[in-house]
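Residue-level structure breakdown
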Amino acid sequence: MCGLAGFLRTGSIPDRDAHQRWLDNMGQAIIHRGPDAGATWLDDSVGLVHRRLSILDLSDAGTQPMVSASERYVIAYNGEIYNFQELRDELISQGHSFRTRTDTEVLLVLYEIHGPKCLQLLNGMFALAIWDRTARKLFLARDRLGKKPLYFYEADGQFAFASELKALTPAPFVKTELRHDAIKDFFTYQYVPDPKTIYKNVHKLAPGYWLETDGIQTHQEQYWDVSFGTPSSASLGELEDGLYNLIDDAVRLRMVSDVPLGAFLSGGIDSSAVVGLMAGHTSKPVTTCAIGFDSKRFDEVHWAKKVAEQFKTDHHEFTVKDNVAESLNSIARFFDEPFADPSFVPTYFVSQLARQKVTVALAGDGGDENFAGYSKYYTDQVENRLRGLFPAGIRHSLFPGLARLAGMVHSGPTRKAKSLLGTLALEPDEAFFITNSFFRRDVWNDLVTGELKRETGDYDPADITRAHYKNADTDDHLSSILYTDIKTYLPGDILVKVDRMSMANSLETRAPLLDYRVVEYAAQIPAALKLHGKEKKYILKKAFERMLPEDILYRKKMGFSVPLAHWLRHELKPTVEQLLLPSNSGVANFFEPAGIQKLWRKHLAGDDQFTQELWSLLAFELWWQQYQVSV
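Structure report, in brief. (Residues numbered from 1 in each chain as written. Predicted model: local features only at pLDDT ≥ 70, side-chain atom pairs only at ≥ 80, totals over all residues. Heavy atoms only, no water.)

1. Here we look at the overall build of the chain
Threshold: Every helix listed is a DSSP run of H or I at least four residues long, and every strand listed is a run of E at least two residues long, numbered separately from the N terminus. Put simply, the radius of gyration uses C-alpha atoms, and a globule should come to 2.2 Å times the residue count raised to 0.38. When accessible area is computed with a 1.4 Å probe and restricted to protein chains, residues below 20% of their type maximum are described as buried, those above 50% as exposed, and intermediate ones as partly exposed.
What the chain contains, in helices and strands, is 27 helices and 17 strands. Relative to its length of 631 residues, the chain is compact, with a C-alpha radius of gyration of 24 Å against a globular reference of 25 Å. Seen along its three principal axes, the alpha-carbon backbone of the chain occupies a region of about 75 × 60 × 50 Å. Counting the 631 residues in the chain, one finds 59% classified as buried.

Encoded structure:
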């Protein structure tokens, strides 16, 4: 895997030496993404820098930026095109020749022939920049699901781009002014949703989009979306076979590598299925890595070990024990904007463990969003059915008052009653937003202050969820929320977490369940075969009954859950009190310190209801200390 960055050279007096220093510093900022090699391209109009993690064709022939045979195009590219060999063979049959065995050169030839339409031919994960030396235009593109990141800055006639935000800032024209609605988004969702970033004038190129600019005019276009509009009428058996074969092919494609390759293994169905299929495509033991916790409630390593024994893998384990606090600050710095999904901690450690053994690791990411694997989907379905039992007028007028009455009695059952009545009063898309919200509105309103409060008073982060929900081409509620998560939670949280934590360890990760063919196939499977009564991921489990034992397939899902409340009271207690509680903290610029201290005292007293808010505040402070204190 790799990293890229660059800028358009604008201004009447270009300073070549200064621009070269900018490029060198941009590359240095993301050297962890590509420690094997680095190179730059600088001409009168553009600067490009690339950092390389060698995976295919380990020779110097694969060095980027790479110039096309015609010398018209220059590319800097981060990713893997899994069907590149097939595309290369087809191009050779058409009379094209190649100097390297890289997918990078295949991309260059395809772009020279097809332009932006070449993206439709690619099966892979990628972020790429291609400079057209003749037309003097820059082309940027990001893969369909957003597995690889791509940021760009555009303001005051200046344009820059990079794999990570930290690689933009060496260009002195890039201003990092905080964007207040993005701060509110972060505290709501635990991440800043595409295409926003935490800074004004810095944007993420959205998944499935390309961009072209000459520095004066910029044009963006969507080249891919997933459709839920035409459910398949195939039988259950046909769907099972089709799904199994498609995932098997996706795994096969992702096992092409010139460096050691392994897999993450949690013992859940997604990673277990991937490992099982990998074992069928190699005569050597698959290298597998698992992470455990010093807590039986959260520890899954025994399930991973069972799968490892079944497929005779070369298995390795690491236990997250007392090393959370000492590692948290250094781990958090790999996120250039606030990020609060606590599972980034075990993801970092499993990536660190894997990198000791391999350079590429396959993972089970995408199974939950494709096949309705999260508990929230079942909860939402039950609530939506209850919602349908009452006329909208009654729900809107009566239920909010009943929820307030329930809230006046402080007990577990009445707290749940308040939540349910409040949710039933909402429309389905708004209710799903509440399910996905990690910082409750009442807590926000009690804490927020100053300019943040003034500037975001009329802004509602729910607009993001509503917009995607309404954009789904289906009337089925579950399909609409799966589409929404594929557009928001998947690229904004899951894929950011995996990319940053694996790249922090110079490890490439590949996700067969996010092969776009699997995503499109899953979208056509009727919703009732994904969430079948209480059974989540029903069709995926049925498809893999031929391979995996029942206790792996049908055990309760844990995912990468972490003992967050315990961490805050114990290992992370000194960190919280050192960083979060002082009156000169970063969060004190936006929230009432006395209110934060009040939540903290309640948490220490055993009240866990503010765990998520406190963790989000700590995550924001960790980011602030890394990226704002010196600004």
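2. Concerning the packing of helix α8 (residues 324-332) against helix α9 (residues 344-355)
Defined as follows: Think of each axis as a best-fit line through the C-alpha atoms, taken over the contacting stretch in the case of a helix, with angles from 0 to 180 degrees between the N-to-C directions. Note on angle classes: values under 35 degrees are labelled roughly parallel, values over 145 roughly antiparallel, values of 65 to 115 roughly perpendicular, and the remainder oblique. Residue contacts follow a heavy-atom distance rule, with two residues in contact if any of their heavy atoms lie within 4.5 Å. Note on residue categories: nonpolar means Ala, Val, Leu, Ile, Met, Phe, Trp, Tyr, Cys or Pro, charged means Asp, Glu, Lys or Arg, and polar means any other residue, Gly included.
Where α8 meets α9, the closest approach of the two axes is 11 Å, and the angle between their N-to-C directions is 90 degrees. As judged from the angle between their axes, α8 and α9 are roughly perpendicular. For the pair α8 and α9, contact is made by S327, L328 and I331 and by F344, V345, Y348 and F349, respectively. Split by residue class, the contact of α8 with α9 holds 6 nonpolar, 1 polar and no charged.

3. Examining the environment of L490
For L490, the location among the structural elements is in helix α20 (residues 489-503). Judged by its relative accessible area of 1%, L490 falls in the buried class. Each C-alpha atom, one on L490 and one on D103, is 26 Å from the other, the two residues being 387 residues apart in sequence. For L490, the residues in contact, after removing those within four places along its chain, are L145, E369, D485, L495 and L514.

4. Considering the sheet that holds strand β3 (residues 46-52)
One key point about sheets: their strands pair by backbone hydrogen bonds, in either a parallel or an antiparallel sense. Which entries qualify depends on this criterion: Strands are labelled as partners when DSSP assigns at least two bridges between them.
An order of β2-β3-β1-β9-β8-β10 is seen for the 6 strands of this open sheet, with the pairing classed as antiparallel. Looking at the sheet topology across the chains shown, the edges are occupied by β2 (37-42) and β10 (202-204). Put simply, the sheet's adjacent strands are angled 15 degrees from each other on average, direction ignored. Sheet analysis places strand β1 (residues 2-8) next to β3, joined by 7 bridges and oriented antiparallel. When the bridges of β3 are listed, F7 appears paired with G47. Relative to the sheet, helix α1 (residues 16-29) contacts β1, β2, β3 and β9 (158-162), its axis offset from that of β2 by approximately 150 degrees.

5. A short note on a nonpolar patch on the surface
Rule in force here: The patches described consist of residues with a relative accessible area above 30% and no salt bridge, like charges being joined within 9 Å and nonpolar side chains (Val, Leu, Ile, Met, Phe, Trp, Tyr) within 5 Å. Per-residue accessibility takes into account occlusion by the displayed protein chains alone, with areas from the Shrake-Rupley method and a 1.4 Å probe. Definition used for salt bridges: Asp or Glu carboxyl oxygen within 4 Å of a side-chain nitrogen of Lys or Arg.
Where nonpolar side chains cluster on the molecular surface, the patch consists of L389, F390, I394 and L398 and spans about 370 Å² of accessible area. Inspection of the secondary structure puts L389 in the loop between α11 (375-387) and α12 (392-397). Assessed through its relative accessible area of 62%, L389 is described here as exposed.

6. Concerning the side chain of D336
The condition is simple: N or O atoms within 3.5 Å of each other form a polar contact, as long as, within protein, one can give a hydrogen and the other can take it, and as long as residues adjacent in sequence are counted only when both atoms are side-chain atoms.
Counting through the fold element by element, D336 comes out in the loop between α8 and α9. Here the side chain of D336 touches K166 through a polar contact of 2.6 Å, side chain to side chain. Only 3.1 Å separates the side chain of D336 from the side chain of Y627, close enough to count as a polar contact. When residues no more than four places from it in sequence are discounted, the contact partners of D336 are E164, L165, K166, Y199, W623 and Y627.

7. Here we look at the pattern of salt bridges
Applying the stated rule across the entire model yields 40 salt bridges. The partner of R142 in a salt bridge is D194, and the shortest N-O contact between them spans 3.3 Å. Of this pair, R142 sits in strand β7 (residues 137-142) while D194 sits in the loop between α4 (180-189) and β10, and the two are 52 residues apart along the sequence. Classification of R142 as buried rests on a relative accessible area of 3%. For R440, the salt bridge identified is with E613, shortest N-O distance 2.8 Å. Of the two residues, R440 is situated in the loop between α15 (428-436) and α16 (441-447) and E613 in helix α27 (residues 611-627); the sequence distance between them amounts to 173 residues. The class of E613 is buried, set by a relative accessible area of 2%.

8. Some thoughts on α11
The condition that has to hold: What a helix should span is 1.5 Å times the count of its residues minus one.
Here α11 contains 13 residues, and its C-alpha end-to-end distance of 18 Å stays within 8% of the 18 Å for a straight helix at 1.5 Å per residue. Buried residues of α11: K376, Y377, D380, Q381, E383 and R387, and no others.

9. With respect to the packing of aromatic side chains
For clarity, the cut-off: Aromatic pairs are defined between Phe, Tyr and Trp rings, using the six-membered ring for Trp, whenever the two ring centres lie within 6.5 Å; interplanar angles under 30 degrees are classed as stacked, those over 60 as edge-to-face, and all others as tilted. Either the NZ atom of lysine or the CZ atom of arginine qualifies as a charge over a ring when it sits within 6 Å of the ring centre and within 35 degrees of the ring normal.
For the structure shown, the criterion picks out 34 aromatic pairs. Between F187 and F620, the ring centres sit 5.3 Å apart and the planes meet at 40 degrees, which makes this aromatic pair tilted. With a gap of 433 residues between them, F187 in helix α4 and F620 in helix α27 connect regions that are remote in the sequence. With respect to class, F187 is no different from F620; both count as buried. By the ring-pair criterion, three or more aromatic residues cluster together here, those being F186, F187, Y199, F439, W444, F590, F591, F620, W623 and W624. If you follow K376 out to its NZ or CZ, it ends over the ring of Y489, 4.8 Å from the centre.

10. Considering the pairing of strand β14 (residues 287-293)
Worth spelling out the cut-off: Note on handedness: a crossover is taken as right-handed if, strands pointing away from the viewer, the path from the first strand over the helix to the second is clockwise.
In terms of burial, β14 is a largely internal element, 7 of the 7 residues being buried. With burial as the criterion, each face of β14 is covered, one bearing T287, C289, I291 and F293 and the other bearing T288, A290 and G292. Here 3 bridges tie strand β13 (residues 261-264) to β14, and the two strands are oriented parallel to one another. Note that in β14 the partner of F264 across the bridge is C289. In this fold, the crossover linking β13 to β14 by way of helix α6 (residues 269-279) has right-handed handedness. Note that β14 and strand β15 (residues 314-320) share 7 bridges and pair parallel. Each residue of the ladder has a partner; that of A290, found in β15, is E317.

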